[in-house]
Amino acid sequence: MMIVAATCWSSGGFLVRRQSLADPWEIVFWRSTFMVLFVAGVLAVIHGRRTAAAIRAVGAPGLASGVFLACTFFFFIASLTRTTVANTFVLMSVAPFTAAIAGRVFLREAVPPRTWLAMAVAFAGIVVMFGDAIDSGQLVGNLLALGVPCFFAAQVTVLRKYHATVDMLPQVMIAGIVSIAVAAPLASPFTATPGDLAVLAVMGSIQLGAGCLLATAASRQLTATELGLLGLLEPILGPIWVWALMGEHPGTTTLAGGAIVLAAVIANEAFAAWRTRSREPAAGLPPVG
């Protein structure tokens, strides 16, 4: 289920390229609208008449984490409209590192030496990617992509700070509602064609909604480390879809820098999984796209 969830998330870049809209605000609006409808339907099936109570049960931590998740939606789409899919997904993959730094600063959580080493290696890969972006006019898009793991770290920190045990799906629905409220006045005039709406419906319901549902189910059986490791399929598969199906070549420096970043992240997560002696209940964290 987690593999399928990561595969769903990885289709985001390809689906953005398949529609004609260039305004990130309108893309976020329609994507979030379809996602909210999908998640509301799932919650209604799961909770029935107690759906509203299940949403209210997330409390202040769930509301705050939903707002931070909404921010990742904006940064993700804005980045995809200003840089390559490969750059966006690779830079998003540093989310485990930003979460570790936020935990160290705000929660006084220890960061293992191996993670500091992996961060240094990943930073070297990012420098390689940004060097090429300056010349190709993709610097703004790359900076926006880094906003995704930063707000993801804020979200995770809130949940840990208040020991929240809220379900992921209500958080995602809250994030969608916040996204709609912010994007609606900025997306006008709406220019989406029926074809665009069909693609955005798939993005909202399958790419994000179904991905979250599957990850929630998988989190009952996998540790947080295992979820993080399998979730790395998203930044690996994302650039492959647009490269193989649409001919968007990432570029030599992106391939080199991306390989360094992903190698550092995968090595850190794999070593953490190897060191795990007991299976701990997973937190069920939402995606970073």
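Refer to the preceding data block for the structure.
This report concerns the structure included in the present document. Chains are numbered independently. Their residues run from 1 in the order of the written sequence. It should be noted that, the model being predicted, local features are given only for residues of pLDDT at least 70 and side-chain atom pairs only at 80 or more, the latter also being counted only at that level, while totals for whole chains, interfaces and linings use all residues. Excluding hydrogens and water, the side-chain figures rest on all heavy atoms present in the structure.

All right, on to the overall build of the chain then. Helix and strand assignments follow DSSP, with helices taken as H or I runs no shorter than four residues and strands as E runs no shorter than two, numbered in order from the N terminus. What the chain contains, in helices and strands, is 14 helices and zero strands. Starting at the N terminus, the α and β elements of the chain follow one another as α-α-α-α-α-α-α-α-α-α-α-α-α-α. Think of it in three bands: with a 1.4 Å probe and only protein chains considered, a residue is buried below 20% of the maximum accessible area for its type, exposed above 50%, and partly exposed in between. Residue burial in the chain is summarised as follows: out of 289 residues, 51% are buried. Residue contacts are counted whenever heavy atoms from the two residues lie within 4.5 Å of one another. In the chain, the share of contacts with a sequence separation of at least 24, taken over all contacts with a separation of at least 6, comes to 90%. Accessible surface is estimated by sampling points in the Shrake-Rupley manner with a 1.4 Å probe; for residues, cover comes only from the protein chains shown. Here the chain displays about 12,800 Å² of accessible surface, and carbon together with sulfur accounts for 69% of that area.

On to the side chain of Gln138. As for its position among the elements, Gln138 is in the loop between helix 8 (113-136) and helix 9 (139-161). Here a polar contact is recorded for every N or O atom pair within 3.5 Å, except that within protein the pair must consist of a potential hydrogen donor and a potential acceptor, and residues adjacent in sequence are included only if both atoms are side-chain atoms. Side-chain polar atoms of Gln138 contact the side chain of Asn87, separated by 3.2 Å.

Quick look at the packing of aromatic side chains now. Two aromatic rings, taken as a pair, are described by how far apart their centres are and by the angle between their planes. Pairing of aromatic side chains requires ring centres within 6.5 Å, counting the rings of Phe and Tyr and the six-membered ring of Trp. Pairs whose planes differ by under 30 degrees are stacked, by over 60 edge-to-face, and all others tilted. Considering all chains together, one arrives at nine aromatic pairs under this definition. The interplanar angle of 40 degrees and the centroid separation of 6.3 Å between the aromatic rings of Phe68 and Phe151 together place this pair among those described as tilted. With Phe68 in helix 5 (residues 59-80) and Phe151 in helix 9, this pair connects stretches of sequence that are 83 residues apart. Between Phe271 and Trp274, the aromatic rings sit 5.5 Å apart at their centres with planes inclined by 40 degrees, giving tilted as the arrangement. Residue Phe271 and its partner Trp274 are both found in helix 14 (residues 252-275); the two are separated by three residues, about one turn of the helix. Classification of Phe271 by relative accessible area gives partly exposed; the value is 33%. The class of Trp274 is exposed, set by a relative accessible area of 58%.

The residue after Ser188, namely Pro189, is reached through a cis peptide bond having omega 0 degrees. As for its placement among the helices and strands, Pro189 is situated in the loop between helix 10 (168-187) and helix 11 (194-218). A positive phi is found at Arg108, a non-glycine position, where the angle reads about 60 degrees. With respect to the helices and strands, Arg108 occurs in the loop between helix 7 (95-107) and helix 8.

Take the pattern of salt bridges next. Between side chains of opposite charge, a pair can form when the charged atoms approach closely. Salt bridge, as used here, is a side-chain nitrogen of Lys or Arg placed within 4 Å of a carboxyl oxygen of Asp or Glu. By the definition in use, this model includes one salt bridge. One salt bridge connects Arg17 with Glu248, and the closest N-O pair in it is separated by 2.8 Å. With Arg17 in helix 2 (residues 12-17) and Glu248 in the loop between helix 13 (233-246) and helix 14, this residue pair connects regions lying 231 residues apart in the sequence.

Right, let's get into helix 13. Take the residue count of a helix, subtract one, and multiply by 1.5 Å to get its expected span. Between the first and last C-alpha of helix 13 there are 19 Å, a value that for 14 residues agrees with the 20 Å anticipated at 1.5 Å per step. Among the residues of helix 13, those classed as buried are Glu234, Pro235, Leu237, Gly238, Pro239 and Val242. Taken from the residues just after helix 13, Gly247 is the one with a positive phi, measuring 75 degrees.

This paragraph deals with a nonpolar patch on the surface. Exposure above 30% relative accessible area and the lack of any salt bridge qualify a residue for a patch; like charges then connect within 9 Å, and the nonpolar side chains Val, Leu, Ile, Met, Phe, Trp and Tyr within 5 Å. On the surface, Ile101, Val105, Phe106 and Trp116 cluster together into a nonpolar patch covering about 410 Å² of accessible area. For the nonpolar patch, the element with the most residues is helix 7, which contributes three residues. The residue Trp116 is located in helix 8 in this model.

To continue, consider the packing of helix 6 (residues 85-92) against helix 9. Interhelical geometry of helix 6 versus helix 9 gives an angle of 35 degrees and a closest axis separation of 8 Å. Here the hand of the crossing between helix 6 and helix 9 comes out right-handed. Here helix 6 contributes Asn87, Thr88, Leu91 and Met92 to the contact with helix 9, which in turn contributes Asn142, Ala145, Leu146, Val148 and Pro149. Across the contact of helix 6 with helix 9, the residue classes tally to six nonpolar, three polar and no charged. A fitted line through C-alpha atoms serves as each axis, taken over the contacting stretch for helices, and the angle formed by two N-to-C directions is quoted from 0 to 180°. In this scheme the crossing of two helices becomes right-handed for a clockwise turn of the near helix relative to the far one and left-handed for an anticlockwise turn of less than a right angle. Any residue that is not Ala, Val, Leu, Ile, Met, Phe, Trp, Tyr, Cys, Pro, Asp, Glu, Lys or Arg is counted as polar, Gly included; the first ten are nonpolar and the last four charged.

Next up on the list: the state of the cysteines. In protein structure, a disulfide is the covalent linkage between the sulfur atoms of two cysteines. Cysteine sulfur atoms are paired as a disulfide whenever they come within 2.5 Å of each other. In this structure the tally under the stated criterion is zero disulfides. Looking at Cys8, it has no disulfide partner, and the nearest cysteine sulfur is the one in Cys212, 9.7 Å off. Judged by its relative accessible area of 13%, Cys8 is buried.

How two helices sit against one another is set out by the angle between their axes and by the gap between those axes. The contact between helix 5 and helix 6 brings their axes to 8 Å, and the two run at 145 degrees. Contacts from Phe76, Ser79 and Leu80 of helix 5 reach helix 6 at Val85, Thr88, Phe89 and Met92. Across the contact of helix 5 with helix 6, the residue classes break down as five nonpolar, two polar and no charged.

What follows is about helix 6. Burial runs high along helix 6: eight of the eight residues are buried. Of the residues making up helix 6, those classed as buried are Val85, Ala86, Asn87, Thr88, Phe89, Val90, Leu91 and Met92.

Mapped onto the secondary structure, Ser219 falls in the loop between helix 11 and helix 12 (224-231). Residue classification places Ser219 among the buried positions, given a relative accessible area of 10%.

It is worth spelling out the environment of Ile240 at this point. Mapping Ile240 onto the fold places it in helix 13. Residues Ile240 and Val85 lie 155 residues apart in sequence; the distance between their C-alpha atoms is 9.1 Å.

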